[in-house]
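Coordinate inspection notes
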Amino acid sequence: MKIAVASDHGGFQLKEHIKKYLESRNIEVLDLGTHSEESVDYPEFGRACGEAVAKGEADKGIVCCGTGIGISIAANKVKGIRCALCTDVHMAEMTKKHNNANILAMGGRTTEPDKAVEITAAWLDTEFEGGRHQRRVDMLDSM
């Protein structure tokens, strides 16, 4: 599995923490930046992650900005992306079960690093239920 990760300056430290966790699980990481806490524009990084997942350069993606809101909006502008901002494990499980989210978003200024690892693990380890949810995912993808 290959996961693309991207952040702006507000999510940089959280992205770096999540990268270490992914690598500890032997997951290949495609780091799309940013590479410091110097101010950058989150839409560029959300789009980059969205495009990497949509083009099949990565199986899934994780994006971080200060709150996770802006970068999730940017990622969702890419056709075929279902990016979900999750603040707890339950949200991560549900967005995978029911929405088959292919990108996870979190906030570097709102989510503690250990909590982010728990959220990431839940999102990675939960399977899409399909069934009635597939019809709804197909509707989202056709928009």
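In case you missed it, the structure is sitting above this.
Residues numbered from 1 in each chain as written. Predicted model: local features only at pLDDT ≥ 70, side-chain atom pairs only at ≥ 80, totals over all residues. Heavy atoms only, no water.

**A look at the pattern of salt bridges**
- Applying the stated criterion to the full structure yields eight salt bridges.
- Ionic pairing is found between Glu16 and Lys19, a salt bridge with its closest N-O pair at 3.6 Å. Here Glu16 and its partner Lys19 are both found in helix 1 (residues 12-24), three residues apart, which amounts to about one turn of the helix.
- For Glu16, a relative accessible area of 22% gives the class partly exposed.
- Close ionic contact of Asp31 with Lys19 constitutes a salt bridge, the shortest N to O distance being 2.8 Å. Of this pair, Asp31 sits in strand 2 (residues 28-31) while Lys19 sits in helix 1; the two residues are 12 residues apart in sequence, bridging distant segments of the chain.
- Three or more residues joined by partner-sharing salt bridges are found here, namely Lys15, Glu16, Lys19 and Asp31. (Salt bridge = Lys/Arg side-chain N within 4 Å of Asp/Glu carboxyl O. Helix = DSSP H or I, 4+ residues; strand = E, 2+ residues; numbered from the N terminus. Buried < 20%, exposed > 50% of the residue type's maximum accessible area, 1.4 Å probe, protein only.)

**Observations regarding unusual backbone geometry**
- That bond from Gly33 to Thr34 is cis: its omega, -5°, falls within 30 degrees of zero.
- Inspection of the secondary structure puts Thr34 in the loop between strand 2 and helix 2 (42-54).
- One non-glycine residue, Asn26, lies in positive phi territory at about 60°.
- Along the polypeptide, Asn26 turns up in the loop between helix 1 and strand 2.
- With a phi close to 50°, Asn100 is a non-glycine residue in the positive phi region.

So far we have only geometry, and geometry alone does not tell us how the molecule works.
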